[in-house]
Amino acid sequence: MAQKITIEPVTRVEGHGKVTIHLDDNHQVTESRLHIVEFRGFERFVCGRPFWEAPVLVQRLCGICPVSHHLAAAKAMDMLVGAGDGNGLTPVAEKMRRLMHYGQIFQSHVLHFFHLASPDLLFGMDADPERRNVIGVILEHPELAKQAVLMRKYGQEIIAATAGKKIHGTGAVPGGINKNLSLEDRDAFLNGINGNPDLSADKMIEWSEAALALLLDYHSSHTDFLDGFATFPSNHLSLVRPDGALDLYHGVIRAVDPEGKRIVNDVDSRDYLDVVEEEVRSWSYMKFPYIKELGPKEGWYRVGPLARLNVCDFIPSPKAQAAFEQFRAYTKGKPNHMSMHYHWARLIETLHAAEMMKELLLDPDLQGTDLVTKGERCGEGIGLLEAPRGTLFHHYRVNEQDLITMCNLIVSTTNNNEPMNRAVNAAAVAQMTGKAEITEPMMNAVEVAIRAYDPCLSCATHAMGQMPLEVTLYDAAGAVLDQQRKGM
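All figures in this text were calculated on a predicted structure; none of them were measured in a lab.

**Some thoughts on the overall build of the protein chain**
Phase 1 of the analysis: Within the protein chain, the secondary structure is distributed over 17 helices and 16 strands.
Phase 2 of the analysis: Partitioning the contacts of the protein chain with sequence separation of at least 6, the portion at a separation of at least 24 is 69%.
Phase 3 of the analysis: Element-wise, carbon and sulfur atoms account for 51% of the exposed surface of the protein chain, whose accessible area totals about 18,000 Å².

**As for helix α6 (residues 142–163)**
Phase 1 of the analysis: Helix length check: α6, at 22 residues, gives a terminal C-alpha distance of 31 Å against a target of 32 Å (1.5 Å per residue), a fit within 8%.
Phase 2 of the analysis: Counted residue by residue, α6 has 16 buried out of 22 residues, so it is predominantly covered.
Phase 3 of the analysis: Trailing α6 by a residue or two, Gly164 shows a phi angle of about 105°, which is positive.

**A closer look at the sheet that holds strand β12 (residues 380–387)**
Phase 1 of the analysis: Strand order in this open sheet of three strands is β12-β13-β14, and the pairing throughout is antiparallel. Of all strands in the sheet, those with a lone pairing partner are β12 and β14 (404–410), marking the two edges. Each strand of the sheet is rotated relative to its neighbour by a mean of 10°, with strand direction disregarded.
Phase 2 of the analysis: On top of the sheet, helix α3 (residues 66–80) reaches β12 and β13 (390–398); it is set at about 150° to β12, its chief contact.

**Quick look at the packing of aromatic side chains**
To describe a pair of aromatic rings, one takes the distance between the centres and the angle between the planes.
Phase 1 of the analysis: Tallying each qualifying case throughout the model produces ten aromatic pairs.
Phase 2 of the analysis: Plain terms: the ring middles of Phe51 and Trp52 are 5.3 Å apart, the flat faces sit at 75° to each other, and that makes the pair edge-to-face.
Phase 3 of the analysis: When its relative accessible area of 5% is taken as the criterion, Phe51 is described as buried.
Phase 4 of the analysis: When its relative accessible area of 45% is taken as the criterion, Trp52 is described as partly exposed.
Phase 5 of the analysis: Here the aromatic rings of Phe327 and Trp344 are separated by 5.0 Å at their centres, their planes lie at 80°, and the arrangement is edge-to-face. Note that Phe327 is positioned in helix α12 (residues 318–330) and Trp344 in helix α13 (residues 341–361), a separation of 17 residues in sequence. For the pair Phe327 and Trp344, one class covers both residues: buried.
Phase 6 of the analysis: A network of ring pairs unites the aromatic residues Phe327, Tyr330 and Trp344 as a single cluster.
Phase 7 of the analysis: In this structure, Lys75 is placed above the aromatic ring of Tyr249, and the distance from its NZ or CZ to the ring centre is 4.6 Å.
Phase 8 of the analysis: For the cation-ring pair, Arg281 lies above Phe288, with the distance from its terminal atom to the ring centre recorded as 3.7 Å.

**A few points about the nonpolar core**
Phase 1 of the analysis: Tyr154, Phe229, Ile348 and Tyr396 are the most contacted members of the largest nonpolar core, which has 123 residues in total.
Phase 2 of the analysis: Among the elements that take part in this core, helix α4 (residues 91–123) stands out by supplying 13 residues, more than any other.
Phase 3 of the analysis: When residues no more than four places from it in sequence are discounted, the contact partners of Ile348 are Leu212, Leu309, Ile315, Ala320, Ala323, Phe324 and Phe327.
Phase 4 of the analysis: Listed in part, the 16 residues of the second largest apolar core include Met79, Leu239, Ile253 and Phe393.

Calculation notes
- Residues numbered from 1 in each chain as written.
- Predicted model: local features only at pLDDT ≥ 70, side-chain atom pairs only at ≥ 80, totals over all residues.
- Heavy atoms only, no water.
- Helix = DSSP H or I, 4+ residues; strand = E, 2+ residues; numbered from the N terminus.
- Contact = heavy atoms within 4.5 Å.
- Areas by Shrake-Rupley, 256 points an atom, 1.4 Å probe, with all protein chains shown as cover.
- Expected span 1.5 Å × (residues − 1).
- Buried < 20%, exposed > 50% of the residue type's maximum accessible area, 1.4 Å probe, protein only.
- Pairing = 2+ DSSP bridges.
- Axes fitted to C-alpha atoms, helices over the stretch in contact; angles between N-to-C directions.
- Phe/Tyr/Trp six-rings, centres within 6.5 Å; stacked < 30°, edge-to-face > 60°.
- Lys NZ or Arg CZ within 6 Å of the ring centre and 35° of its normal.
- Core = buried A, V, L, I, M, F, W, Y, C linked by side-chain atoms within 4.5 Å.

Okay, here's the thing in structure tokens:
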């Protein structure tokens, strides 16, 4: 008898979602879907507001990555005030924004790896959920937990010093930044916040290397799991610097196919509508972006750390570059399609962010006083950057009264919609085919596949709140055969 399994909501990700898994009469998985069940409204909320409010308003999409929305909107506003498309700011303004952004990348990647993903790796997907959580990590690996807390704190303090506060800051303004970095703050970040050497730039680099080493050690003893779980070929898209370097703040749009051939060749970010289109499906509030030239069936792609390392040519910081070379050598230079290797790529980016924060802190431009640039006013602005979870698109139009008349946002998690659905299906086929009973480890395996992408469903749908889990088993007639709940 055909069945339908529902996992609602998914846990240890940001926002609300549910999973449905359809079984045929022989208990074979025929289809799996990640549903985003909350309504998205910010593109309408901001219409009618003065454009200079946008960098502050849109970051209310999320409490985890508000800096990404703040900076993407600010970059769009730069165009409106005639300050260029990402390259027209003063050195102090651009470098302050970059420092803010690296602080965001650093704290967000640390949050995901240590708080959300590590319980599955340290205790196993099948471990008791009473143990398989961040409290379990604190109790059984206290030193690791302490490092995670201090690393995230360091990133948050960088954000506060550059954006004005840790969450929903106001540092970036149209055409620049509203403050520079004081010498007192610079010295604290370099030598240790409040005199604590565990909160220094060098310690962040050291602990980032240690976290990467921890994952590689885990990989050596769990190779089949990390390489084979939810693995499938795909296109990959991200921004890169014009010379091909990894650049998380600004660049051109590049995409490669599953073999590494370029299918989007360094397109100006202002022309993103020539490259990307979105498809609406009836069962999700989250759209399905795809590369326009290839169409929705062939043009879907991954974004985020894995995609960025598959697309860029090199990383412009020495320790991360060495790790990148090892990462690329593992697939002999070809794109890496292993979903669980998102964690590997994420930790390489964590190391890169730590290196870049130190490099920027040593740059005297951060104490400059030329904060804002303005030029000829125009009516349309587009801002793209690489958020922790992937490429983020902000696009606005304004009228002669300076009010926003149109807003289009394609957030990172939206870009990963199709690959997350495919990862869910791969996990479901592996775990649930031929099984008549749902178990908690089966449900968690599906969530592990989603979690690898570090999705921020609240960004994609602008929801908020807790995420308990419900799994419901339906027969072909729609009757409930079994139901499991947790955290409700």
